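The residues making up each chain are set out below.
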Amino acid sequence: MNLEFTYTVDPDDFTRAGEASANIKKKLKKMNVPHEAVRKVAIAMYEGEINMVIHANGGNITVFVNEDSVTMVLADKGPGIPDVEKAMQEGFSTAPDNIRALGFGAGMGLPNMKKYTDEMKIDTVIGEGTTVTMKVNL
Amino acid sequence: MLISELLEKFDERFEIVNRSDEAGETEITKVFCCDLLSFAMARNPAGSVWVTVMGNVNTMGVMALTDGGAVIIAENAALDENAAKKAAEQNITVIKTSLPVFEAALFVHNLLS
């Protein structure tokens, strides 16, 4: 089994944010991927999707599925992350007030993504964009 | 206790906005209270009854992705139109109440114990 799915994340559209994660969750469930792994992928990808909507004017997500793992590659052309170490700290957030009013911006996005995946890598260039690669082992 | 059994025990202080087709199969695991969606995303246990004042579309997103059992919107907080629509689409049980978060959660907790 070697499958690939791609999604486009629209900028500033909170009514649709989470659709890609919900879709991949449904697909993995149909493939009989273990329940806990599906939950991990859905949570990590949702956080990434929300980050792309809040900070990066959307972007693209590619998900690779094989027998051993699910790998998500979230690529955006946003402003980049100036201090990755700081961004990884729980509670650190640069989200604006209107985002906080929606219940986000608690500074849990990246820490949650790390917590729920087995591997996570952040490649970021200021002014060019960020690519987050996350892997959940099956 | 199943979600469907819980729904039958609610009195007039609770309004069932949407009922999942799976309410008769979903066993309640825990009562969970939180208003920050990122915290809820990480910590809402599958099968939980989640009590919150956040009634927007992303609340339903978190419910769907964490496999929550039911969500109670407390304090008469607004459930916006998009959220109600998404609840129906995603088959999520949603209840509204004028009770504060703690009292709504305690009511469910007492029914469970």
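Residues numbered from 1 in each chain as written. Chains lettered and ligands numbered in written order. Predicted model: local features only at pLDDT ≥ 70, side-chain atom pairs only at ≥ 80, totals over all residues.

(A) A look at the interface of chain A and chain B. Of the residues lining the interface, 20 residues belong to chain A; the matching set on chain B comes to 18 residues. With 5 residues, the top contributor of residues to the side of chain A that touches chain B is helix α2 (residues 35-55) of chain A. For the side of chain A that touches chain B, the class distribution of residues is 10 nonpolar, 6 polar and 4 charged. (Contact = placed C-beta atoms within 7 Å. Helix = DSSP H or I, 4+ residues; strand = E, 2+ residues; numbered from the N terminus. Nonpolar A, V, L, I, M, F, W, Y, C, P; charged D, E, K, R; others polar.)

(B) Structural view of unusual backbone geometry. A positive phi angle is found at A:N57, which is not glycine, with a value near 55°. Considering the arrangement of structural elements, one finds A:N57 in the loop between α2 and β2 (59-66). In this structure, B:N76 is a non-glycine residue whose phi angle is positive, near 55°. Counting through the fold element by element, B:N76 comes out in the loop between β4 (70-73) and α4 (81-90). The partly exposed category is assigned to B:N76, around which 14 C-beta atoms lie within 10 Å. (Buried ≥ 20, exposed ≤ 12 C-beta atoms within 10 Å, placed from the backbone.)

(C) Structural detail: the environment of B:S48. Mapping B:S48 onto the fold places it in the loop between α2 (37-43) and β3 (49-52). Remark: the alpha-carbon pair of B:S48 and B:N82, spanning 34 residues in sequence, is separated by 22 Å.

(D) Spotlight on the packing of helix α3 (residues 57-66) of chain B against α4(B). All names here are of chain B. With their axes 7 Å apart at the nearest point, α3 and α4 run at an angle of 25° to one another. Classified by the interaxial angle, the pair formed by α3 and α4 is roughly parallel. Of α4, the residues touching α3 (which contributes V57, T59, M60 and A64) are N82, A83, K86, A87 and Q90. Among the residues forming the contact of α3 with α4, the class breakdown is 5 nonpolar, 3 polar and 1 charged. (Axes fitted to C-alpha atoms, helices over the stretch in contact; angles between N-to-C directions. Parallel < 35°, antiparallel > 145°, perpendicular 65-115°, else oblique.)

(E) Inspection of the sheet that holds strand β3 (residues 69-76) of chain A at higher detail. Residues and elements named next belong to chain A. Strand order in the open sheet formed by 5 strands is β1-β2-β3-β5-β4, and the pairing between neighbours is antiparallel. Looking along the sheet, the strands with just one partner apiece sit at the ends: β1 (2-9) and β4 (119-125). Geometrically, the sheet is characterised by an average inter-axis angle of 10° between neighbouring strands, direction not taken into account. With 8 bridges joining them, β1 and β2 adopt antiparallel strand pairing. Bridged to N2 within β2 is N66. Where helix α1 (residues 19-30) meets the sheet, its contacts fall on β1, β2 and β3, and the angle it forms with β1 comes to roughly 160°. (Pairing = 2+ DSSP bridges.)

(F) Spatial organisation of α1(A). Across its 12 residues, α1(A) extends 17 Å between first and last C-alpha, which sits within 8% of the 16 Å expected from 1.5 Å per residue. What α1(A) keeps buried is the set A:A20, A:S21, A:A22, A:I24, A:K25 and A:L28. Here the buried face of α1(A) lies against β1, α2, β2 and β3 of chain A together with α3 of chain B. A:N32 lies just past α1(A) and shows a positive phi near 60°. (Expected span 1.5 Å × (residues − 1).)

In short, geometric facts, not functional conclusions.
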